[in-house]
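# Examining the three-dimensional arrangement
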Amino acid sequence: MLLGALEAGGTKMVMAVGNEYGEILMQSSIPTETPDLTMNRIINYFSDKKIAALGVGSFGPVDLDRNSKSYGFITSTPKKSWVNYNLLETLKALQIPIGFDTDVNASVLGEATWGCLKDLSSGVYITIGTGIGAGVMINGNLLHGMLHPEVGHMLLTRHEKDDYSGICPYHPNCFEGLASGPSIEMRWGRKAIDLQDHPEVWELEAFYIAQGLVNIILTYSPHRIILGGGVMHQKQLFPMIRSQVLRLLNGYIKTPQLTNPDEYIVPASLKDNQGILGCLELAKRELLLDR
Ligand SMILES: [Zn+2]
């Protein structure tokens, strides 16, 4: 059975055709331009692929409430031409079942189906890149709620020596504002990738990421936390984050997972395909619902 996957990102759209076993058979990507231009290309791509269903993991915020009038809309995104855009309705031109969720929920689902969350009932996937966001799986289900988790905007305590104002237009001290890729670039005047040999950059970055993780550990109590996204390609961050998390928790929580942080706070395990693979699983789940 062929399934379609669309990872709808703010800068690019990744489209793939695969199957229910998590095999990607073909993949292509296009830049995210205006909805008119971009959506036409997406529909053209999928229209002759004989897919039984499509799974979409979208940038957001998005409306995931199936009973809402704006279900399937991208809502208040900073990308102006996509504000209040009915993504799902446009894709219905394909006349197949469409599973719809956030890009990060697709990633956590990909890891839960084929990656390092397999056999665990709860876990969190956090992307730290152009933005920061998290997909949350609780007892095998993707967490939605009132909207969906917006972990990237949780408020953090600023480092006493950091007077940088952050890049979030809404909050002076949120996770994304202080620790996303563009935030690193603005603070230090160079791209993160060119700052590899500057330990102070990564110590500060780990300081903020660890605060985010501690809040997530204390609220969602995940069995494992996966860190993906461009910034997390800096592998030197992992040991720094793990030790800062333990320092901040200060011995309060005692679980087997926290005594073995190398297996608790881990890199994404699907070679950066966790999102697109999660979209395949979203497609499969939608097909089963539809039957
Ligand atoms: Zn913010």
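Residues numbered from 1 in each chain as written. Predicted model: local features only at pLDDT ≥ 70, side-chain atom pairs only at ≥ 80, totals over all residues.

Let us look at the overall build of the chain. Within the chain, the secondary structure is distributed over 10 helices and 12 strands. Over its C-alpha trace the chain gives a radius of gyration of 19 Å, about what one expects of a compact globule, namely 19 Å for 291 residues. Taking the principal axes of its C-alpha atoms as reference, the chain extends roughly 55 × 40 × 35 Å. Taking all 291 residues of the chain together, 44% fall into the buried category. Pairs at least 24 residues apart make up 63% of the contacts formed inside the chain by residues separated by at least 6 positions. (Helix = DSSP H or I, 4+ residues; strand = E, 2+ residues; numbered from the N terminus. Rg over C-alpha atoms; globule rule 2.2 N^0.38 Å. Buried ≥ 20, exposed ≤ 12 C-beta atoms within 10 Å, placed from the backbone. Contact = placed C-beta atoms within 7 Å.)

Looking along the chain, the bond that leaves Gly60 and enters Pro61 is cis, with omega of 10 degrees. Along the chain, the position of Pro61 falls in the loop between strand 4 (54–58) and strand 5 (73–74). Of note in this structure, Lys50 is not a glycine but carries a positive phi near 55 degrees. With respect to the helices, strands and loops of the structure, Lys50 is situated in the loop between helix 1 (35–47) and strand 4. Here Asn84, not a glycine, exhibits a phi torsion of approximately 55 degrees, which is positive. With respect to the helices and strands, Asn84 occurs in the loop between strand 5 and strand 6 (85–86).

By a frequent convention, interface size equals the accessible area lost on bringing the separate parts together. For the chain, the domain assignment lists domain 1 (2–102) and domain 2 (116–267). When grouped by side-chain class, the residues that make up the side of domain 1 that touches domain 2 number two nonpolar, three polar and one charged. (Domains from an automatic or database assignment. Nonpolar A, V, L, I, M, F, W, Y, C, P; charged D, E, K, R; others polar.)

Before going further, it helps to spend a moment on the environment of Val108. Mapped onto the elements, Val108 comes out in helix 3 (residues 103–114). A residue is classified by how many C-beta atoms lie within 10 Å of it, and Val108, with 31 of them, is buried. Sequence spacing of Val108 and Ile226 is 118 residues, and the spatial spacing of their C-alpha atoms is 8.3 Å. Setting aside chain neighbours within four positions, we find Val108 in contact with Leu117, Gly123, Val124, Tyr125, Gly135, Val136, Met137 and Leu142.

Okay, the environment of Phe46 next. By secondary structure assignment, the location of Phe46 is in helix 1. Separated by 43 residues in sequence, Phe46 and Leu3 have C-alpha atoms that sit 9.9 Å apart.

Once that is clear, we can look at the sheet that holds strand 2 (residues 12–19). Pairing between the strands of a sheet comes from backbone hydrogen bonds, and it takes one of two forms, parallel or antiparallel. The five strands lie next to each other as 3-2-1-4-7, forming an open sheet whose pairing is mixed. Bordering the open sheet on either side are strand 3 (24–31) and strand 7 (98–102), each of which pairs with just one other strand. Between one strand and the next, the sheet's axes are offset by a mean angle of 15 degrees, whatever the strand orientation. Across five bridges, the pairing between strand 4 and strand 7 is parallel. Note on strand 7: the bridge partner recorded for Ser58 is Thr102. (Pairing = 2+ DSSP bridges. Axes fitted to C-alpha atoms, helices over the stretch in contact; angles between N-to-C directions.)

Summarising the element assignment, Ile276 is placed in helix 10 (residues 274–290). For the pair Ile276 and Met186, spaced 90 residues apart in sequence, the C-alpha to C-alpha distance is 30 Å. Here Ile276 is in contact with Ala5, Glu7, Val14, Ala16, Ile24 and Gln27, once residues within four sequence places are set aside.

With that out of the way, let us pick up helix 6 (residues 199–220). The end-to-end C-alpha distance of helix 6, which contains 22 residues, comes to 31 Å, matching closely the 32 Å that a straight helix rising 1.5 Å per residue would cover. Within two residues after helix 6, Ser221 carries a phi angle of roughly 50 degrees, on the positive side. (Expected span 1.5 Å × (residues − 1).)

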